[in-house]
Every structure is written in C-alpha cells, then in structure tokens.
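Structural overview
So you can see what is in the structure, the chains are spelled out below.
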Amino acid sequence: VPGSGWDCNASGTSMASPSIAGSAGLLLQHQRNLYGNVVYRASTLKALLIHTADEAGPDPGPDYMFGWGLANFERAAALMESSASDCINIREFRISQGETLELTILKEPTRQLRATVCWTDPAGIPPLPAVDPDDPMLVNDIDLRISSGGTTYLPWVLDPLNPADAAETGDNIVDNVEQVLVNNADNGLYTITISHKGTLKDGEQIVSLVVSGNRAISANSSVNNQTIHSSTNFWAHDTLNVSSTNVGAGADVELRAGRKILLKDGLVVHDGAQLFAKTDSSLQCNGGSYTVRNAEGSSQQNPPPFVYERTIVGLKKE
C-alpha cells in the first residue's frame with residue numbers, strides 16, 4: 001500500500017496461486033449468472049483455463065517451463081457466454097466402458113479449431129521414492145481426436161526424458177488433459193471423437209470437453225429462394241427445409257440434418273449438378289446431449305423426380 005511503509009513487489013507461485021484462485025472464483029460466479037445453480041466440475045474449470053490460455057514459451061503447445069501458458073480470464077468468460085447460447089463449446093459427460101462418443105461440428109472460417117478434454121483421474125499407485133520418477137500414473141486413459149476428410153489430428157505430447165524439447169503431436173498416454181489443435185484454413189464438418197484405452201476403473205469416467213473455433217449450427221434451418229452454382233453445405237441439428245431453390249449445373253450441394261430433411265416443391269436440380277442429402281444422428285446436439293454414432297447409415301441413389309416431404313437417408317443425382 002503506497003505510503004504505508006509496505007511498498008513492495010512480489011512474484012512467483014505464492015502470488016500466482018491466489019490470483020488464479022480468485023479469478024477462477026469470478027468465473028464460477030459468471031457461470032452461475034449464465035446457468036443458475038449448476039456449478040462446473042473441477043475438470044471443466046481446469047479444461048476451460050487451459051483451453052483459453054495465451055501461448056507462452058518459444059514453441060506452440062505446452063512445455064515444462066510455461067505449462068499451458070498465461071491464463072486469459074476474459075477469453076474464458078467470452079467462451080462461457082458463447083456456450084450458453086449453443087451446445088457445442090463446454091460440455092460435461094460420462095463415458096462408459098467400451099463407449100466411443102462422436103460430435104460433429106462446423107469449423108469457423110479462418111479460425112483455429114481447438115478441443116480440450118480433462119478428467120479427474122482416479123488415484124493411482126505411487127512409485128517408490130525417487131528423484132523425478134517417470135513412472136506413468138494415469139489410471140483411465142481417455143483419447144481425444146479430431147478428424148475430417150480422411151485426416152486425423154492428434155493431441156499434444158511432451159517427452160519427460162527430454163524436457164527442453166518442444167511438444168509434438170501423438171498418442172498421449174500419461175496426462176489427464178489432452179488438447180487437439182487444427183491450424184489449417186479448411187472449413188466444413190469436423191468430427192470430435194472421445195474414446196478410451198483398456199479398462200475404465202468402475203466402468204466409467206466423467207470427462208469435460210471445451211471446444212472453440214466452431215460455428216453454431218441452428219436447431220432448424222431453411223434454404224429458400226436461392227440459386228447455387230458452387231460447392232455449398234447446409235446443416236441443421238434437427239430439421240432442414242429446402243424449397244424454391246435452383247441448383248445449377250456444376251454445383252455440388254450437401255444437405256445434412258440430425259433428424260429430418262424436407263425437399264419441398266420448387267427445388268430444381270439441373271443436369272450436371274449434384275445433390276447429397278443425409279440424416280446424421282451425430283448432429284443431434286440440442287439440449288447439450290451427445291449421440292453415439294455406431295454407423296454412418298447406408299446411402300441410396302435415386303434418379304429424379306425427387307420425393308418431397310419425407311426423410312431422406314441418402315439422395316444423389318448423378
């Protein structure tokens with residue numbers, strides 16, 4: 001306090017810990033303002049702070065000197081607000097033995113797509129006393145992947161035997177936090193896959209997921225009075241209505257909805273154009289629920305005329 005005789009500067013973990021704890025408390029208050037009395041789990045708050053941290057250190061990703069970076073509470077609060085209006089940014093869920101969860105998201109143009117999972121791992125058996133033991137302690141090994149167009153993106157991995165090395169991407173088998181970063185400019189649908197190795201203790205694990213760089217997908221959407229001459233995609237969580245739309249020669253249009261696609265009168269697909277419509281349960285994200293996708297489902301090719309007002313499994317005009 002200036003003038004009190006207590007003028008001083010302080011740094012280090014003794015100052016970082018109360019700063020982080022106090023700011024995290026403000027985020028919990030913000031969470032209550034957004035969602036009421038449902039409080040984030042510890043793993044969710046940890047994932048959020050890691051996910052929104054500013055990069056620190058000489059190389060991308062985590063490192064042994066700077067950890068995951070410098071906490072950015074303004075960015076964390078903004079992501080919480082974004083998640084409050086849709087179901088694709090911050091989620092807590094339970095994964096059971098042998099289960100694989102898939103979530104289809106739409107990448108925001110020109111932005112990095114980032115996903116972080118964190119879980120409170122059950123207590124392991126500690127190694128015998130030693131200096132810097134490198135015995136793996138992970139009990140439940142949760143795996144995070146992002147895939148699109150035949151490419152699979154892997155999480156960051158550090159090498160404890162070479163702590164000065166930059167993080168690389170690979171199969172992380174030692175940490176209870178995994179983060180995948182997609183840096184490319186390719187937009188469109190990406191699939192987040194969460195699975196596990198081996199046997200889960202007690203047959204299940206609660207996992208927290210934080211995602212950014214994705215665009216909200218509306219519950220219901222309509223394509224009306226449009227003329228399309230290029231490759232275009234339309235998605236909806238539940239129902240997609242298409243009417244009074246011309247798909248010109250050379251156009252390639254993909255329609256995807258979680259439950260139903262309605263192709264109504266006025267839709268014209270010209271010779272040389274291609275239309276693909278598919279109901280995809282992995283898009284059913286309403287209410288924040290996840291859908292386990294066991295199979296893509298079969299596609300069927302039908303010549304015109306199109307059948308209107310019915311659910312389409314697969315429709316493609318050659």
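Let us look at the structure shown here. Residue numbering note: each chain is counted from 1, following its sequence as written. Per-residue local features are limited, in this predicted model, to residues with pLDDT of at least 70; the limit for side-chain atom pairs, both in listing and counting, is 80 or more; totals at the level of whole chains, interfaces and linings are taken over all residues. As a rule here, side-chain values come from all non-hydrogen atoms in the structure, and water together with hydrogens is ignored.

Moving on to the environment of Ala115. Relative to the elements of secondary structure, Ala115 occurs in strand S3 (residues 113–118). As a C-alpha pair, Ala115 and Glu178 span 63 residues in sequence and 8.3 Å in three-dimensional space. When sequence neighbours within four positions are dropped, the list of residues in contact with Ala115 reads His51, Leu144, Ile146, Glu178, Gln179, Val180, Ile192, Leu209, Val210 and Val211. Helix and strand labels come from DSSP, where a helix needs a run of H or I of at least four residues and a strand needs a run of E of at least two; each type is numbered from the N terminus. Throughout, a residue-residue contact means that at least one pair of heavy atoms, one from each residue, lies within 4.5 Å.

Look at Asp132: it is not a glycine, yet its phi comes out positive at around 50°. Whether a residue is buried, partly exposed or exposed follows from its accessible area with a 1.4 Å probe, protein chains only, as a fraction of its type maximum: under 20%, in between, or over 50%, in that order. Looking at Asp132, the relative accessible area reads 71%, which means it is exposed. The residue Ser244 is not glycine, and still its phi comes out positive at about 50°. By secondary structure assignment, the location of Ser244 is in the loop between strand S15 (239–243) and strand S16 (246–247).

Moving on to the nonpolar core. One finds Ile146, Ile192, Ile194 and Leu209 to be the most contacted residues of the largest nonpolar core, which totals 23 residues. If we skip the residues at most four places from it in the chain, Ile194 touches Phe93, Ile95, Glu99, Thr100, Leu101, Val117, Ile142, Asp143, Leu144 and Leu209. What makes a nonpolar core is a set of buried Ala, Val, Leu, Ile, Met, Phe, Trp, Tyr and Cys residues whose side-chain atoms join them at distances within 4.5 Å. Listed in part, the 18 residues of the second largest apolar core include Val247, Ile261, Val269 and Leu275.

What follows concerns the sheet that holds strand S11 (residues 214–215). A pair of strands is considered paired only if DSSP assigns at least 2 bridges between the two. Taken in spatial order, the 5 strands line up as S5-S4-S9-S2-S11 in an open sheet, and their pairing is antiparallel. Pairing within the sheet leaves two strands with one partner each, and these edge strands are strand S5 (151–153) and S11. Note that strand S4 (residues 142–148) and S5 share 3 bridges and pair antiparallel. What sits directly across from Ser147, in S5, is Thr152.

Once that is clear, we can look at helix H2 (residues 42–51). Across the 10 residues of H2, 8 count as buried, placing the element largely inside the fold. Every buried residue of H2 is accounted for by Ser43, Thr44, Leu45, Ala47, Leu48, Leu49, Ile50 and His51.

A separate point is the sheet that holds strand S8 (residues 177–182). Read from one edge to the other, the open sheet built from 4 strands follows the order S1-S10-S3-S8, with strand pairing classed as antiparallel. Because the sheet does not close on itself, it has two edges, and the strands there are strand S1 (90–96) and S8. Averaged over all pairs of adjacent strands, the angle between strand axes in this sheet comes to 20°, irrespective of strand direction. Pairing geometry for S3 and S8, over 6 bridges, is antiparallel. Within S8, the position partnered with Arg114 by the bridge is Leu181. Lines are fitted to the C-alpha atoms to define the axes, a helix being fitted only along its stretch in contact, and any angle between axes, read from their N-to-C directions, falls within 0 to 180 degrees. Most of the contacts of H2 go to S3, to which it runs at about 150°, and overall it touches S1, S3, S8 and strand S10 (204–212).

A helix is expected to reach a length of 1.5 Å times the quantity of its residues less one. The terminal C-alpha atoms of helix H1 (residues 13–35), which comprises 23 residues, lie 32 Å apart, in line with the 33 Å expected from a rise of 1.5 Å per residue. Directly after H1, the chain includes Gly36, whose backbone phi takes a positive value near 90°.

Moving on: the pattern of salt bridges. Salt bridges are counted wherever a side-chain nitrogen of Lys or Arg sits within 4 Å of a carboxyl oxygen of Asp or Glu. Counting across every chain of the model gives 9 salt bridges. Here Glu204 makes a salt bridge to Arg94, at a shortest N to O gap of 3.0 Å. You can see Glu204 sitting in strand S10 and its partner Arg94 sitting in strand S1, a full 110 residues away along the chain. According to the relative accessible area criterion, Glu204 is partly exposed, its value standing at 33%. Ionic pairing is found between Lys197 and Asp141, a salt bridge with its closest N-O pair at 3.5 Å. Here Lys197 is found in the loop between strand S9 (188–196) and S10, whereas its partner Asp141 is found in the loop between S3 and S4, with 56 residues between them in sequence. Exposure remark for Asp141: the relative accessible area of 10% places this residue in the buried category. Through salt bridges with shared partners, a single ionic network connects Asp141, Asp143, Arg145, Asp171 and Lys197.

Shape descriptors only; they carry no functional weight alone.
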